[in-house]
Structures are given as C-alpha cells and as structure tokens.
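Single-letter residue listing:
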Amino acid sequence: MGRNYGTILVLLIHVFAVQSQYVTVKGCVRENELTIRCENYIPSNVPAGVTKVILEHFSNDTIITSSLFVESGWNNVTNFVVNNPLSQQTNYSRNRITFGYRCLSELEELESLSINVVLGGFVNGSFRGLNQVKFLDISGISNMDETILRLVLAPDSLLDIKTLIMRNVDSAHSKLTLNDYFWQMVYNRSISYIDISSPSITANMSSFCRYCDKLETLIVEGNKVIDSHTCKRRPCAKLKVVEISKLSLSDETSCLNIPPFILHRYVVPISKFKPFANVEKLSMDDICLQSSYKVVITDRDGLRFDYSFAVKELSLRRNNLVYLDVWIICEKPMLQSLILSENNMEYMSPDLLSCVYTLEILDLSNNLLGLMSVRNETLFRRLLKPLYNLIKINLAQNKLSHLPIDFFQNNTRLEVIDLNNNALTQIEFVFQPPQSFIHITISGNNIETLDPTSLQHLNDMLRNNNGKVDFDVNPLSCRKCGDLKYVSWIVEHTSRMENSANLTCTNENKKENAIDGKILTQVQSICNRPRTIAMWCSVGVGVLVVVLSFIFVVRKTIDSRRRKQNTSFVIKQIKEAKEGFEYAMFVSFSSKNQCMVDEQIIQPLEQELRHQIDVDRDLICIGDKHFRLGRPIVLETLRCLQMSHVALCVVTNDFCHSEYSMNEVRQACQLNKRIILMIEEDTNTDLMSDDLRKLFEMNTRIVWTYRNEQLVLKTTWNHICTCILDI
C-alpha cells in the first residue's frame with residue numbers, strides 16, 4: 001500500500017512540474033514551446049524559446065510603446081498578436097489600444113504582426129523600424145479610415161510585407177474606400193497576397209487595375225465595388241488567384257427581376273475584365289444571393305467570348321444557375337477544374353462543356369440534376385460524354401434515383417466519383433476505371449441490397465486497380481436469403497471498402513449489425529431455414545409413415561390372428577354341432593331354380609365346406625330336405641335359420657318374384673343373421689323387396705352367371721367357404 005501511495009505522489013509531482021513549464025507570471029500561459037498567451041498583461045520579458053506572443057483582453061485603455069519590450073526575449077519574437085476586438089459581450093473589450101512612435105522597434109526579428117483591436121490611434125512612425133515583417137493582419141480594427149491606413153502603410157514603415165489581410169473591419173464605425181493611395185502603397189511594397197473582404201470596404205477597381213502588376217492573390221468578399229467598367233487595361237502580370245464573392249456592384253444591373261436570357265450567337269464581353277486574363281484560379285461564388293433569382297440561359301447557337309482567359313480553376317458556387325441550355329465555343333481551352341455546386345441546377349446542356357476537353361475536375365454537387373435525369377433522360381445520358389480527360393466528378397446531393405448504364409462510358413481516366421446523398425438503389429452504370437482509380441462514394445443513398453448486375457458492375461470497377469468503395473449510411477438489409485450474395489461480396493471485399501468498420505445492415509429483428517463474418521453466418525442460416533424445415537418435415541413424415549406402417553402391420557397381424565381364431569372357433573362350433581351351428585349355412589332359393597341350385601351350387605359348396613371343416617355330415621340346410629313334415633313353413637324356416645351359422649340367398653328374377661323366398665329373407669333379417677347374396681348377374685333389381693335391395697346395396701355379394709347350362713362364378717368356392725367360416 002505504501003508503494004502505491006508513493007507512485008501516486010510521484011505522478012502528481014510530475015503533472016504539476018509539466019504544467020509549471022507552461023505557466024508564466026501574472027496571467028501569461030505558455031501554450032506550447034513556442035507560444036505564450038497573456039490576458040490583460042504585457043510581460044517585461046519573454047521566456048527563452050518563445051517566438052509567438054499573444055496579448056489580449058485589456059481591461060483598461062493601453063498605450064503600447066517600445067519601452068515595454070526592452071527586456072530579454074522580446075528580440076527573438078517573430079509573431080506578435082494584439083487581440084482586443086470590439087465585442088458587446090465583455091466590458092473590457094471596449095477599451096482602446098494606442099500605438100506609440102516606433103512602438104515595436106525592439107522586436108528585431110518580427111515577421112508576422114496581427115492587430116485586432118478597438119483602436120485608440122496611431123502616430124506617424126508607429127511601425128517604423130519593422131523591416132523584417134512579411135505578414136500584416138489588421139482585420140477587425142475599428143474606426144478604420146484612410147488616415148489610419150496611410151499611417152499604417154507610411155512610406156518608411158513595413159516596407160517588406162508580402163501579405164496584407166484586412167477582413168471584417170468594423171462596419172459600424174468604418175467606411176473605407178480603397179483608391180489610388182492604397183493600391184499604389186500595395187504596389188510599392190510588392191505585396192503579393194491581399195484579402196480585403198469586408199462590407200465596410202469599397203474597392204475602386206479602376207485604381208486596382210493601375211497598380212495590380214505585383215499582386216498574385218486577391219480575395220474580395222462582401223465588398224462594394226465601384227468603377228469596374230473602366231478597368232480595361234492590359235492583364236495584371238502576376239495575378240494568379242482571384243476569389244470574388246458576395247459583391248455589391250454599384251454600377252452594374254441588379255440581379256433581381258431579370259427574365260430568362262434567350263440569346264442568339266451571343267458574344268460574352270469579358271474583355272472589360274482583361275486585368276484578370278492571367279488568373280489561373282478564379283472563384284466567383286455568391287455573386288447573386290437572392291434566392292428568388294434564377295439564372296435561365298438559352299443559346300443553342302453557342303456562346304463566344306471576345307477575349308481569351310488563362311483560367312484553369314473556376315468556381316461558380318451558389319449563383320442560382322438553374323437552367324443552362326447553352327454551349328460554349330472555344331478554340332484553346334485551358335480549364336481544368338469547374339465548380340458549379342449549390343446552384344439549384346435543374347438542367348445543364350451536355351454540349352455546355354463540349355469544347356472543354358481539358359477539364360479534369362467537375363463539381364456538380366448540391367444541385368437538382370435528378371430532375372434532368374427524369375425529364376431529359378436522353379440528354380442526361382450524354383452529360384459527361386465530351387469530358388474524356390475527367391479525373392474527378394462530384395454528383396453528390398442531386399436527388400439522383402439512377403444513372404444510365406453508359407453514363408461514364410467515355411470517362412476512362414476517372415479516379416474519383418462522388419455520388420453520396422442521392423437516391424440510388426442499385427449500381428446500374430458500367431464503369432471500367434484506370435489503374436490509378438482511387439474511390440467511388442455511394443454513401444447516403446437508398447441501397448438496401450445489391451442485385452447480381454450491381455455486383456458484376458462493382459467487380460468490373462475494382463478489377464486491376466486498388467480503388468475503394470464507400471457504402472456507408474445506406475439502409476442495407478441482411479434480413480432475407482436474397483441478401484446473402486451481396487453480404488458475402490462485401491465481407492470478401494472488406495479491404496476494398498471505405499469505412500468498412502462503420503458498415504451496418506438491418507437484421508430480421510430490425511436491429512443494426514456490423515457487416516462481418518458473423519452476420520454472414522446469420523444470413524446463411526436464413527437461407528438454410530427452408531431446407532432445415534423441409535428436412536425435419538421429411539423426418540417427421542418418415543417417422544409418421546414408419547409408425548403408421550407399424551400400426552398397419554400390427555393391426556393386420558391382429559386382424560389375421562383374430563380371423564384365424566374366429567375361423568377356428570366357428571369350425572369347432574360347427575364340428576361339435578353347437579346350438580346355432582348345427583349347419584354351416586341355410587340356403588334360400590326359388591323352387592324354379594331347384595335343379596340348377598342342387599347340381600351347380602349345393603354339391604360343390606357342400607364338398608368344399610366338408611373339406612375345410614373336416615367333418616362328414618350335412619353342413620347345408622335346405623328347406624325341402626330339412627324341414628320337418630307337417631309343420632308350419634314359417635316356423636320351420638325360423639328353426640332352420642336359427643340352426644345355421646349364415647344364410648345364403650341364391651338371387652334370380654324368379655327368387656325376387658317368389659313370396660316364400662322374400663319371406664325367408666325377411667325372417668333372416670329379423671334374426672340378425674349374416675346374409676350372403678349369391679346373385680345372378682342380369683337380375684332385375686327393381687323386382688327386389690325393400691329388405692333385399694337394402695342388402696344388395698350395402699353388403700358384398702357373390703356374382704354368377706349361367707352359360708351353356710353351366711354356372712360361372714366370378715370367385716372360387718374355396719374363397720366363398722373361407723369367408724363364410726370367417727364371419
């Protein structure tokens with residue numbers, strides 16, 4: 001336990017020691033090895049190794065003089081920031097900072113100076129002696145005007161600055177127009193980078209054009225521009241980057257309420273912007289901010305330009321270029337990158353860029369080209385056909401529900417395709433990329449599963465290259481067997497998936513699962529489920545069949561045994577002439593059939609019965625032979641029936657006509673005797689009594705016919721006797 005407390009104590013001492021390395025006196029904090037930040041305090045000296053000092057949040061009006069920076073360390077500072085902006089959220093931010101004569105001259109190595117304060121004032125020579133400063137940022141200075149700017153950029157001060165930033169100067173207290181005095185000071189210092197983005201700054205473009213030859217980068221955002229129509233001199237020699245956005249053009253037509261442009265062989269007058277002819281990167285974003293304004297241009301004869309520009313990168317974001325049914329006529333195109341994003345674009349002619357075969361990057365994101373794909377599918381199919389040098393295409397957030405199969409057919413150099421946040425459900429397009437292919441982004445679409453065609457297209461896309469696919473944020477499904485192929489494909493191609501760790505799918509329980517080997521096993525089990533069910537059903541049916549077969553065999557065995565027992569019992573009863581078994585049967589027939597019955601039935605039947613029962617006596621009771629003389633026929637019939645095991649009725653038409661025969665049938669029924677009908681085949685059933693017809697319809701019978709004075713049975717006497725003894 002003591003050792004643990006000792007370890008904790010050492011760790012705490014180490015933490016405090018490390019923190020103490022970055023803390024200086026009186027509110028200055030050392031943020032890292034090179035930087036200290038001081039709040040409402042100016043240190044007398046600067047720690048060794050520190051090259052950047054930030055002074056901020058002064059609670060009183062402060063005058064900065066050179067005497068504040070004479071101690072050690074200040075002569076090593078290369079980056080100095082004074083930050084005390086105008087803000088209504090704090091009381092001290094309204095305090096003013098005044099810069100005295102040669103106030104920073106002791107900072108001999110200073111290269112970067114940033115001042116963002118409520119200005120108390122400058123004096124002539126405030127920045128004298130700062131010959132090493134290359135970077136000057138005076139953004140956010142309040143009360144900025146021409147007098148102050150002249151003091152900052154005095155002829156004997158800051159002579160070597162190359163970057164000047166004046167963003168967001170205090171618009172409530174400053175109204176600054178940049179005329180000849182400013183642009184000439186820029187020219188004299190050979191400033192190459194300037195950012196004057198501020199609504200409170202008005203830029204005189206005529207003055208700019210006269211002194212722009214040493215400028216390389218110009219950034220103007222939200223400014224008011226005047227005298228732009230007089231800017232017709234030669235191109236600015238070194239100007240390569242221009243960013244113009246949110247401008248207020250005082251001498252140009254307002255972009256409000258302009259009807260659609262319907263042009264005919266129009267020549268675009270860009271020569272009046274000749275100073276920008278050498279610009280390679282031009283951004284003209286947010287030129288017209290009114291959401292109600294829509295640019296609709298139609299010129300099917302082609303647009304021409306009255307001057308040639310060297311622009312390689314052009315950005316026209318957020319300019320409401322809704323409908324562009326035009327095409328450009330150009331001879332020596334140089335454009336390599338074009339950004340037309342966030343324009344609410346519904347239509348762009350496939351011929352618009354037909355001559356710009358040099359284009360390598362095209363950004364059409366955040367538009368409405370999904371409407372074009374539905375309304376003008378044939379033209380949409382050709383949208384990228386002329387751009388065979390295209391390397392990167394961005395079609396994100398266009399509400400695209402599909403892409404034609406040959407949409408990328410001519411773009412054989414494409415390395416990057418961005419289709420995220422559309423409404424695609426399958427990969428319907430064919431794309432055979434180069435070996436340098438990097439990735440295709442299809443995230444944020446409506447893909448639930450990938451059909452075989454989509455998988456084939458993806459296989460073609462990933463063949464012979466190291467490119468990757470991004471499927472993230474799609475409603476992928478893994479809840480049915482049909483998902484097995486695509487889930488298996490993704491698992492097999494995990495190394496080719498961007499953000500593979502984030503890929504999920506929805507299972508049967510509507511829960512999100514990572515797409516990996518585990519979910520693949522689950523989907524496989526879904527596919528095996530019908531087979532498993534069928535197998536168990538087969539097993540169940542098989543078991544049922546076996547059980548039923550066993551029951552059937554047992555039942556048959558029991559029935560056979562019962563029949564044998566019953567037959568043995570009947571034979572024994574008949575042998576012993578037990579009561580009711582004195583005769584095996586009573587035979588009833590019509591006297592008109594006497595001869596036939598005696599010869600063709602009684603004799604063979606008696607012989608077979610004696611053989612099966614193994615007894616030598618009369619086994620068949622016949623009325624004429626066994627009735628007692630002088631007794632009533634009815635009573636004798638009853639007596640003989642009672643003494644017989646069964647009754648056999650030889651049914652013919654004569655039998656049906658005989659009242660005696662019908663009476664014998666009726667008596668046998670009353671005694672519940674088993675009655676066997678031995679019926680001639682052509683007997684007319686209409687002649688039968690009700691009792692006889694009922695027996696005929698319900699019970700099995702012996703059918704015979706009489707041919708050539710010979711009785712012909714459809715069974716055998718052996719079978720007949722066996723059945724009689726089994727009853």
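Cut-offs used in this document
- Residues numbered from 1 in each chain as written.
- Predicted model: local features only at pLDDT ≥ 70, side-chain atom pairs only at ≥ 80, totals over all residues.
- Heavy atoms only, no water.
- Helix = DSSP H or I, 4+ residues; strand = E, 2+ residues; numbered from the N terminus.
- Buried < 20%, exposed > 50% of the residue type's maximum accessible area, 1.4 Å probe, protein only.
- Contact = heavy atoms within 4.5 Å.
- Disulfide = S-S within 2.5 Å.
- Pairing = 2+ DSSP bridges.
- Axes fitted to C-alpha atoms, helices over the stretch in contact; angles between N-to-C directions.
- Expected span 1.5 Å × (residues − 1).
- Bend = angle between axes of the 7 residues up to and from the residue.
- Core = buried A, V, L, I, M, F, W, Y, C linked by side-chain atoms within 4.5 Å.
- Patch = residues over 30% accessible without salt bridge, like charges linked within 9 Å, V, L, I, M, F, W, Y side chains within 5 Å.
- Areas by Shrake-Rupley, 256 points an atom, 1.4 Å probe, with all protein chains shown as cover.
- Salt bridge = Lys/Arg side-chain N within 4 Å of Asp/Glu carboxyl O.

## What to know about the overall build of the chain
Right, on to step 1. Looking only at helices and strands, the chain features 16 helices and 38 strands.
Right, on to step 2. Per-residue burial for the chain yields a buried fraction of 46% across its 727 residues.
Right, on to step 3. Intrachain contacts of the chain at a sequence separation of at least 6 include 68% that bridge at least 24 residues.

## A few points about the state of the cysteines
Right, on to step 1. Overall, the coordinates contain five disulfides when judged by the stated rule.
Right, on to step 2. Here Cys28 engages in a disulfide with Cys38; their sulfurs sit 2.0 Å apart. As the torsion about the S-S bond is roughly 115 degrees, the Cys28-Cys38 disulfide counts as right-handed. Here Cys28, found in strand 1 (residues 28–30), pairs with Cys38, found in strand 2 (residues 35–39); they are 10 residues apart in sequence, far enough to count as distant. The two residues Cys28 and Cys38 agree in class, both being buried.
Right, on to step 3. Linked covalently through their sulfurs, Cys478 and Cys505 form a disulfide whose S-S length is 2.2 Å.

## Considering the sheet that holds strand 6 (residues 97–99)
Right, on to step 1. Read across the open sheet, the three strands follow the order 4-6-8; overall the sheet is parallel. Strands at the two margins of the open sheet, each flanked by one partner only, are strand 4 (62–64) and strand 8 (119–122). Going across the sheet, the axis of each strand differs from the next one's by a mean of 15 degrees, ignoring polarity.
Right, on to step 2. Both strand 4 and strand 6 contribute to a ladder of three bridges, which runs parallel. The residue of strand 6 that forms the bridge with Ile64 is Phe99.

## Brief notes about helix 9 (residues 517–575)
Residues that lie three or four places apart on an α-helix share one face, since the helix turns once every 3.6 residues.
Right, on to step 1. With 59 residues, helix 9 extends 83 Å from end C-alpha to end C-alpha; this agrees with the ideal 87 Å at 1.5 Å per step.
Right, on to step 2. If you look at helix 9, its biggest bend is around 40 degrees, right at Asn528, and the proline Pro530 turns up within four residues after that.
Right, on to step 3. Among all positions in helix 9, only Ile519, Val523, Ile526, Cys527, Thr567, Val570, Ile571, Gln573 and Ile574 are buried.
Right, on to step 4. Phi turns positive, to about 50 degrees, at Ala577, one or two residues after helix 9.

## With respect to the nonpolar core
Right, on to step 1. If you look at the biggest cluster of nonpolar residues, it comprises 137 residues, and the most contacted ones within it are Phe80, Phe127, Phe182, Phe208 and Phe471.
Right, on to step 2. Those residues in contact with Phe208 that sit more than four places away from it in its chain are Trp183, Leu215, Leu218, Cys236, Leu239 and Phe276.
Right, on to step 3. Listed in part, the 33 residues of the second largest apolar core include Val570, Met596, Leu609 and Met678.

## Re a nonpolar patch on the surface
Right, on to step 1. A contiguous nonpolar surface patch, about 1000 Å² in accessible area, is contributed by Met535, Trp536, Val539, Val543, Leu544, Val547, Leu548, Phe550, Ile551, Val554 and Ile558.
Right, on to step 2. Of note, Leu548 is situated in helix 9.
Right, on to step 3. Judged by its relative accessible area of 48%, Leu548 is partly exposed.

## Things to note about the sheet that holds strand 35 (residues 644–651)
Right, on to step 1. Ordered in space as 34-33-35-36-37-38, the six strands form an open sheet in which the pairing is mixed. The open sheet has two edge strands with one neighbour each: strand 34 (620–622) and strand 38 (710–713). Sheet twist, expressed as the mean angle between neighbouring strand axes with direction ignored, is 30 degrees.

The analysis is restricted to geometry; functional conclusions fall outside its scope.
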